[in-house]
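# Residue-level structure breakdown
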Amino acid sequence: MQYGYFDDKEREYVITCPDTPAPWVNYLGSPEYGAIISNNAGGYSFAKSGANGRILRYVFNQFDEPGRYIYIRDNLSKDYWSASWQPVGKNLTRYKSECRHGMAYTKMRALYAGISSEVLYYVPLDAAHEVWAVAVRNDSDVVRELTVTGYAEFTNNPNYEQDQVNLQYSQFITRTEFENDHILQLIHGNLDAVAANGKEVDNKDVGYRLFGLAGQRVSGYCGNKESFLGRYHGYGDPQGVTTGKLDGSMNYNENACGALSAVLVLNPGETAHLAFIVGAKNREESRALMARYADPAAVCPEELAALKAHWHTRLENFQIHTPSAEMNSMINTWNAYNCFMTFTWSRAASLIYCGLRNGYGYRDTVQDIQGVIHLAPEQAAEKIRFMLSAQVDNGGGLPLVKFTHNPGHEDTPDDPSYVQETGHPAYRADDALWLFPTVYKYLAETGNLAFLDEVIPYANKGAATVYEHLQRAIDFSLEHLGPHGMPAGLYADWNDCLRLGAEGESSFVAFQLVLALRIQKQLAEEKGDAAAAEKLAKQLADFSALVEKLCWNEDRYIRGFTEKGEVIGRRTDPEANLWLNPQSWAVISGLADSEKAETILHTVQEGLNTEYGVMLMQPPYHAHAFDGALAVIYNAGVKENAGIFSQSQGWIILAEALCGHGNRAFSYYKANSPAEQNGCAEIRKLEPYCYGQFTEGKDSPHFGRSHVHWLTGTASTMMVGAVEGILGVRPDLHGLRLSPSIPAAWDGFTMEKSFRGKKLHITVQNPAHKESGFTSLMLNGAAMPDNYIPADKLAAENEIVLTM
Ligand code: NOJ
């Protein structure tokens, strides 16, 4: 079942059937002011923090309510509807709608009873407020009188949890006022006199929220949720709308809201414009902001154009044109936007994450950066610096980097205070090792090798160059080895459900360490640090041999050792005998030789592949979980217990592509691609334009259903798997290698790439229908000796033709 389509030209996803199987959402704004909006206008807004700056309420675990509702009432017939299908939910045979999610804006169009409406929801660039710009047109041939009402449900307390559960407090600090064209909500309004004397009580100050109506005269207002809805009424039939009258009541205690109406009298064909404005603004700021939108028909289109230009320009840094329309939509627009959202929001705000985690997960954030390096390398560099400043001087990463992170002064997992504050009791084995692929990608994308010499503080004390930070990350792993000499799994490796402790050992981390040693050796050579390079080369050889000896098992690599020394993931084990990540990482790290690589990739295909992607392991834990195999707490086929973990798809795709298996890499890519599932939304449920954390595996009765939308490391691993893997765009420190691994059926494809300030127009031709390999490479008409382009051979504009 299909609910919408990709409009690639506009970079929009267009939802034509509003009764989607889940709320399909979009992100607006920035960390200054963020907003999430669903295709039925559900969602919430917040300033700075999803948890502590919540402005508009959203009730989790309830299907998509409340939201940014706009009601239209025909005052003659008394019929009413909403500008998004819900909450009124008119019969879809008579109510036609279209929701266009674009880059940082969402448009809702509706046509009902001869009236068409369009609402544009957005947060202007660099602004800390949101706009709901409304246009209503009379498409009928008689004069119509309509009341348009906007409704915003304020939280009573900016802390989202307190707002929901601590009513004995939160309801009694809120009150609303009306002034001319807006409602102002005051939180702790009674502190105004104290505040005027420059004081605070219990660290509290007066908080203000604005809900305003610009462009039309306000005909009615209400600041009290219960009065607006009416007792025993809901969002679908609020009395303030059904009666055509807002009663002018304000809240004093009780639940606050903003509801404002305007009466429009429209001749046939006439359009009226208005805009609702939401923000956390005090009296003066509110008046000034309302004045700015006095003519919404002039201001809003300009603001939209600026927003589009900002986003579209960024995305233009890498564009592809392949025979797969779905891949094009994802890589050119939606996967890229998804990467920016994970980069920006980490795991802080979605319809699943409420923002209570007060910081960035180390591994997640370092991986998220990888997804935007090819589009915004300098923005990526800023975040890399930040994450390096969250590395402890022993080389480990802080499992949680607080939003208030203060480099050089932070407690660490060795301090009880850190453990108490963050809930993270110990280091995780993988965190700092993610720096290697991320830093390397940045260096390779930009050629900025001076970055290695930048001095950056450690989280707790001291400072060192980036190069030294990386070395410390290796040292951390080497100082935390288990009894076999492999890296200890500590509180978790990538898998949050593997508690291997200080004595258990992780093959995943071992492969990460192999990659780290390989990269650091290359960086040492680059810096002319011959002694270090020699030492790293020896460590790499010795450690690789050890891992190979310990981890190879018949036709697969094992997952590691438990604290008791038992092997995890042997072919003969009754449960969890085949794991995906060790196989893909054996290839990515360069450890597996080509014969073993062929074997394990075949084993994965035979044992883990499904039509919706590759399962994380098989069979699921049930009766044979070792102590520390936390995955057993999940239903079978779900999450780490044999679910199709989406993040891991990117790695297996990359591994297949590195081995030149274009057909298989692409078939894995397709299987878990949201766009490819546009036609089976009734199975996938999630948005067909963004990734989810996992898809239920074949052990679940809901095989194929996906969960945890938007904020997942999948966005970046899939981007890397597709761009570096399948499309074969592989920058290194001195240039760019082109090594596509594509479906043999493709005739070729083209790409536009910005690279180190130059423009690359790349054409890949595949006349012999190969899955990988090359026969020639032309750079600006000159034949190159192989498939490599040294950066110093590039002109400002470059025509590049690779023939496979
Ligand atoms: C979700 C976490 O955000 C991610 O960091 C982790 O790697 C996966 N769970 C797998 O356990």
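For the structure, see preceding data.
A few points on the structure. (Residues numbered from 1 in each chain as written. Predicted model: local features only at pLDDT ≥ 70, side-chain atom pairs only at ≥ 80, totals over all residues. Heavy atoms only, no water.)

## Comments concerning the site of the ligand
Near the ligand, the surroundings consist of Arg-363, Asp-364, Trp-494, Asn-495, Asp-496, Glu-640, Phe-645 and Gln-693. Here Trp-494 contributes a backbone N or O atom positioned 2.7 Å from an oxygen atom of the ligand. A distance of 2.4 Å separates an oxygen atom of the ligand from a polar atom in the side chain of Glu-640. If the ligand stood free it would expose 300 Å²; the protein chains cover 90% of that surface. When atom positions are compared with the pocket grids, the ligand is found to occupy the second largest pocket. Grouping the constituent residues of the shell around the ligand by class yields 2 nonpolar, 2 polar and 4 charged. (Near = heavy atom within 4 Å. Polar contact = N/O pair within 3.5 Å; in protein donor to acceptor, adjacent residues only side chain to side chain. Areas by Shrake-Rupley, 256 points an atom, 1.4 Å probe, with all protein chains shown as cover. 1 Å grid on protein atoms, 1.4 Å probe; cavity = no way out; pocket = protein on both sides within 12 Å on 5 of 7 lines; lining within 4 Å. Sits in = over half its atoms within 2 Å of the grid points. Nonpolar A, V, L, I, M, F, W, Y, C, P; charged D, E, K, R; others polar.)

## As for the packing of aromatic side chains
What the rule picks out here adds up to 51 aromatic pairs. Measuring from ring centre to ring centre gives 6.1 Å for Tyr-95 and Tyr-112, while their planes differ by 45°; the resulting arrangement is tilted. Taken together, the residues span a long stretch of sequence, with Tyr-95 in the loop between strand 8 (80-82) and strand 9 (96-101) and Tyr-112 in strand 10 (residues 105-112) at a distance of 17 residues. Between Trp-746 and Phe-749, the aromatic rings sit 5.9 Å apart at their centres with planes inclined by 70°, giving edge-to-face as the arrangement. Residue Trp-746 is classed as buried on the basis of its relative accessible area, which comes to 7%. Taking the relative accessible area as the measure of exposure, Phe-749 reaches 3% and is therefore buried. The positively charged end of Lys-90 is found above the aromatic ring belonging to Tyr-80, 5.6 Å away from the centroid. Its guanidinium or amino end placed over the ring of Phe-343, Lys-383 lies 4.2 Å from that ring's centre, counting from NZ or CZ. (Phe/Tyr/Trp six-rings, centres within 6.5 Å; stacked < 30°, edge-to-face > 60°. Helix = DSSP H or I, 4+ residues; strand = E, 2+ residues; numbered from the N terminus. Buried < 20%, exposed > 50% of the residue type's maximum accessible area, 1.4 Å probe, protein only. Lys NZ or Arg CZ within 6 Å of the ring centre and 35° of its normal.)

## Details of empty space enclosed by the protein
Applying the stated criterion to the full structure yields 2 cavities of 30 Å³ or more. There is about 50 Å³ of room inside the largest cavity. Lining the largest cavity are 13 residues, and of these Asn-39, Ser-97, Glu-98, Cys-99 and Met-108 sit closest to its centre. Elements with a minimum of two residues in the lining of the largest cavity: strand 9 and strand 10. For the lining of the largest cavity, the element with the highest residue contribution is strand 9, accounting for 3 residues. The residue makeup of the lining of the largest cavity, split by class, is 7 nonpolar, 4 polar and 2 charged. Put simply, the second largest cavity is a space of about 30 Å³. Across the lining of the second largest cavity, the residue classes break down as 6 nonpolar, 2 polar and no charged. (Points joined across faces, edges and corners; volume = space filled by probe spheres on them.)

## Examining the side chain of His-761
Mapped onto the elements of the fold, His-761 is located in strand 41 (residues 758-765). One polar contact links His-761 to Glu-797, side chain to side chain, over a distance of 2.6 Å. Those residues in contact with His-761 that sit more than four places away from it in its chain are Met-751, Glu-752, Glu-797, Asn-798, Glu-799 and Ile-800. (Contact = heavy atoms within 4.5 Å.)

## Here's the deal with the sheet that holds strand 12 (residues 129-138)
If you trace the 10 strands from one edge of the open sheet to the other, you get 1-2-9-10-11-12-19-16-15-14, paired in antiparallel fashion. The sheet is open, and its two edges are formed by strand 1 (4-7) and strand 14 (174-179), each paired on a single side. When the angles between neighbouring strand axes are averaged without regard to direction, this sheet yields 15°. The sheet contact formed by strand 9 and strand 10 spans 6 bridges and is antiparallel. Following the sheet pairing, Arg-100 is matched in strand 10 by Lys-107. Running at roughly 20° to strand 16 (residues 207-214), helix 6 (residues 283-292) makes contact with strand 12, strand 14, strand 15 (182-187), strand 16 and strand 19 (271-279) of the sheet. (Pairing = 2+ DSSP bridges. Axes fitted to C-alpha atoms, helices over the stretch in contact; angles between N-to-C directions.)

## Topic: the pairing of strand 9
In terms of burial, strand 9 is largely enclosed, as 5 of its 6 residues are buried. Looking at chain direction, strand 2 (residues 12-15) and strand 9 are connected through 3 bridges and run antiparallel. Its bridge partner being in strand 9, Val-14 is matched across the sheet by Arg-100. Counting the residues that bridge the hairpin from strand 9 to strand 10 gives 3 residues, and of these Ala-104 lies at a positive phi of roughly 75°.

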